[in-house]
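# A closer look at the structure
These are the residues of each chain, in order.
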Amino acid sequence: MNRLLHNVGALAALSITLSVIWTPWIAVVTLCVLCVWLTRQVTQRDEAAQQLLREPTAVPRPFAEVMATVRSTLKESAQHLKDRDAEIAQRKQITNAVPDGLFLLDAGGRIVWCNQAALVMHSLDAFRDMGKPIAQLVRAPEFAAYLEDDSLPEPVITLGGRTLLFHLERSDGNGNSGARLLLTRDVTEREKLDRMRRDFVANVSHELRTPLTVVGGFVETLTDLPLEEPERTRYLHLIATQTGNMQRLVEDLLTLARMENDQLPPETSLTDVSQIARDVLADAEALSSGAHTFVASIEPAQVLGSAFELRSALGNLLSNAVRYTPAGGRITLTVKGGETVIVEVNDSGAGIAAEHIPRLTERFYRIDRSRSRETGGTGLGLAIVKHVAQRHRAKFEIESIVQGSSNEPHGSTFRLRIPGVP
Ligand code: ADP
């Protein structure tokens, strides 16, 4: 640039000198020639500079090497930043996909960071609650104690209707900073299943203990006392009844267990529901021993499914109708064929109050425990029917009208709607 200014200055001086020495027009021509030459010089230099930027090799050697190093360092650090961003985004995605709540706590137990699940699980606000002590948000003495001493057993606390398990982990390698990672896991379903399993074991034990005590007592009496023949026969009959109850309970338990463990759908063989209905009706009539009036309307009906399971379901419905309908009552069995096979068992019993109906298919749920036991019930019949229905993609419906003071019709209806084979 300096050289250019220098040249322009020299040009001006020369033109003044020439205009003095020669005639002015010669000075003008000389000046024009010099201007053209100068413009070409500048353009050429500009092009050379552009070329230099495009092709670094055009730059003198040591300078080109420095530029190449700078360029590759810049490229590397840009890529590094990009990778870091991608890594951070990925980690954020992973921590947010974790179903457990994760908190990073500082040495004072204040929240430094938490994932999405933690916000939802504890109904926190990402801005309002950051930096707050976790003990202020999880208010439970067991948790406060665990926060103080993480060698204590992990607390399981019910908060807002959910059961949560808490676990603390030191988050730094040497443990100097005191930062800790707190994991909270929703164990509501696990706890529910555990409770159900415990209740089930307790129920089965209880169901078996009663008949076993009776049998044990009679065996002892028969062994120790010289009894008259009629009394001996009566006691032996009672032992046989209790043994029968235990056998039925074990059979029902095995049926339920088999259906629960069998992941496969029931056999897909063509099953004649009308034949099953006629068979179980004959069993029910035998059980009733003439105490009830039976009305049957059985159309030809076929479904794809397990004959064993369907027999068990229908058998339970009919035996319940006999056992819970007072003598003199009426029991109706209806089977309708078609695209949907309908099997309906209706009785004229005392009926079931509405609040019991949703719970009837729970294992061991009984309205009248002693009546169920007296009549040899296991408390598992309707649970079996529910399972059979589920495995056959059938609907199981229960309707009932409780007996009132008037002479209105009353009783219960148990209905299965099974996809049929027309
Ligand atoms: P259980 O072996 O006690 O009969 P279920 O599971 O078959 O067990 O039935 C559960 C409960 O439902 C019975 O204890 C009884 O209280 C009630 N129940 C079932 N069927 C009838 C019915 N037809 N009429 C009135 N109550 C019934």
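Residues numbered from 1 in each chain as written. Predicted model: local features only at pLDDT ≥ 70, side-chain atom pairs only at ≥ 80, totals over all residues. Heavy atoms only, no water.

## Regarding helix α9 (residues 273-288)
- With 16 residues, α9 extends 22 Å between its outermost C-alpha atoms, agreeing within 8% with the 22 Å of an ideal straight helix rising 1.5 Å per residue.
- Residues of α9 that are buried: Val273, Ser274, Ile276, Ala277, Val280, Leu281, Ala284 and Ser288. The arc that holds every buried residue of α9, seen down its axis, measures 145 degrees, which confines them to one face. Those residues of α9 that are exposed and angled more than 90 degrees off the buried face are Asp283 and Ala286.
- One or two positions beyond α9, positive phi appears at Ser289, with a value near 50 degrees. (Helix = DSSP H or I, 4+ residues; strand = E, 2+ residues; numbered from the N terminus. Expected span 1.5 Å × (residues − 1). Buried < 20%, exposed > 50% of the residue type's maximum accessible area, 1.4 Å probe, protein only. Arc of directions from axis to C-beta.)

## Points about the pairing of strand β9 (residues 330-336)
- Buried residues dominate β9, accounting for five of its seven residues.
- Here six bridges tie strand β7 (residues 293-298) to β9, and the two strands are oriented parallel to one another. Note on β9: the bridge partner recorded for Phe294 is Ile331.
- In terms of strand pairing, β9 meets strand β10 (residues 340-347) through six bridges, oriented antiparallel. Counted as the bridge partner of Lys336 is Ile342 from β10.
- Counting the residues between successive antiparallel strands, the hairpin from β9 to β10 contains three residues, one of them, Gly338, with a positive phi of roughly 120 degrees. (Pairing = 2+ DSSP bridges.)

## As for the side chain of Thr325
- Relative to the assigned elements, Thr325 resides in the loop between α10 (307-324) and β9.
- Sequence-distant contacts of Thr325, that is, excluding residues within four places in its chain, are made with His292, Arg330, Asp347, Ser348, Gly349 and Arg371. (Contact = heavy atoms within 4.5 Å.)

## A few points about a nonpolar patch on the surface
- There is a patch of nonpolar side chains on the surface, built from Val66, Val70 and Leu74 and spanning about 280 Å² of accessible area.
- As for its position among the elements, Val66 is in helix α3 (residues 61-97). (Patch = residues over 30% accessible without salt bridge, like charges linked within 9 Å, V, L, I, M, F, W, Y side chains within 5 Å. Areas by Shrake-Rupley, 256 points an atom, 1.4 Å probe, with all protein chains shown as cover. Salt bridge = Lys/Arg side-chain N within 4 Å of Asp/Glu carboxyl O.)

## Remarks on the site of the ligand
- Contacts to the ligand come from 19 residues, most closely from Asn320, Arg323, Tyr324, Ser372 and Gly379.
- Between the ligand and Gly379, the relevant distance is 2.8 Å, taken from an oxygen atom to a main-chain nitrogen or oxygen of the residue.
- Look at the ligand: alone it shows 530 Å² of surface, and the protein chains cover 96% of it.
- Those elements that provide at least two residues to the shell around the ligand are α10, α12 (381-391) and β12 (411-419).
- With three residues, α10 is the largest single contributor of residues to the shell around the ligand.
- Residue composition of the shell around the ligand, grouped by class: eight nonpolar, seven polar and four charged. (Near = heavy atom within 4 Å. Polar contact = N/O pair within 3.5 Å; in protein donor to acceptor, adjacent residues only side chain to side chain. Nonpolar A, V, L, I, M, F, W, Y, C, P; charged D, E, K, R; others polar.)

## Remarks on the nonpolar core
- Core analysis: the largest hydrophobic core is formed by 44 residues, its most contacted members being Val343 and Leu416.
- Of all elements in the fold, only α8 (229-261), α9, α10, β9, β10, α12 and β12 reach the threshold of two or more residues within this core.
- Mapped onto the domain boundaries, this core takes at least three residues apiece from domain 3 (191-263) and domain 4 (265-422).
- The contact partners of Leu416, leaving out residues within four places of it in the chain, are Ala313, Leu314, Leu317, Val341, Ile342, Val343, Val385, Ala389, Lys395 and Phe396.
- Core analysis: the next-biggest nonpolar cluster, separate from the first, contains 18 residues, Leu105, Ile111, Ile134 and Leu164 among them. (Core = buried A, V, L, I, M, F, W, Y, C linked by side-chain atoms within 4.5 Å. Domains from an automatic or database assignment.)

## Focus on the pattern of salt bridges
- Enumeration over the complete set of coordinates arrives at 20 salt bridges.
- Note that Arg91 and Glu87 form a salt bridge whose closest N and O atoms lie 2.8 Å from each other. Remark: Glu87 and Arg91 occur in helix α3; sequence separation between them is four residues, near one turn of the helix.
- Here Glu87 falls in the partly exposed class, since its relative accessible area comes to 34%.
- Residue Glu207 is joined to Arg369 by a salt bridge in which the shortest nitrogen-to-oxygen separation is 3.8 Å. Of this pair, Glu207 sits in helix α7 (residues 188-224) while Arg369 sits in helix α11 (residues 369-374), and the two are 162 residues apart along the sequence.
- Judged by its relative accessible area of 36%, Arg369 falls in the partly exposed class.
- Beyond isolated ion pairs, a larger network of salt bridges with shared partners links Glu344, Glu397, Glu399, Arg415 and Arg417.

## Some thoughts on the sheet that holds β7
- Pairing is mixed in the open sheet, where five strands are placed in the order β7-β9-β10-β12-β11. Of all the strands in the sheet, the pair left with one neighbour each is β7 and β11 (395-401). When strand polarity is set aside, the average angle formed by the axes of neighbouring strands in this sheet is 10 degrees.
- The sheet strands contacting α12 are β11 and β12, and the helix crosses β11 at an angle near 140 degrees. (Axes fitted to C-alpha atoms, helices over the stretch in contact; angles between N-to-C directions.)

## Details of the packing of α10 against α12
- Put simply, α10 and α12 touch, their axes get as near as 9 Å, and they point 145 degrees apart. For the pair α10 and α12, the crossing hand works out as left-handed. Along its contact with α10, which presents Glu309, Leu310, Ser312, Ala313, Asn316, Leu317 and Asn320, the element α12 presents Gly381, Leu382, Ile384, Val385, Val388 and Arg391.
- Among the residues making up the contact of α10 with α12, the classes are represented as seven nonpolar, four polar and two charged. (Left-handed = near helix turned anticlockwise from the far one by under 90°.)

## Comments concerning α12
- Counting buried positions along α12 gives nine out of eleven residues, so the element sits mostly inside the fold.
- On its buried face, α12 sits against α8, α10, β11 and β12.
- Positive phi shows up at Arg393, right after α12, with a value of about 50 degrees.

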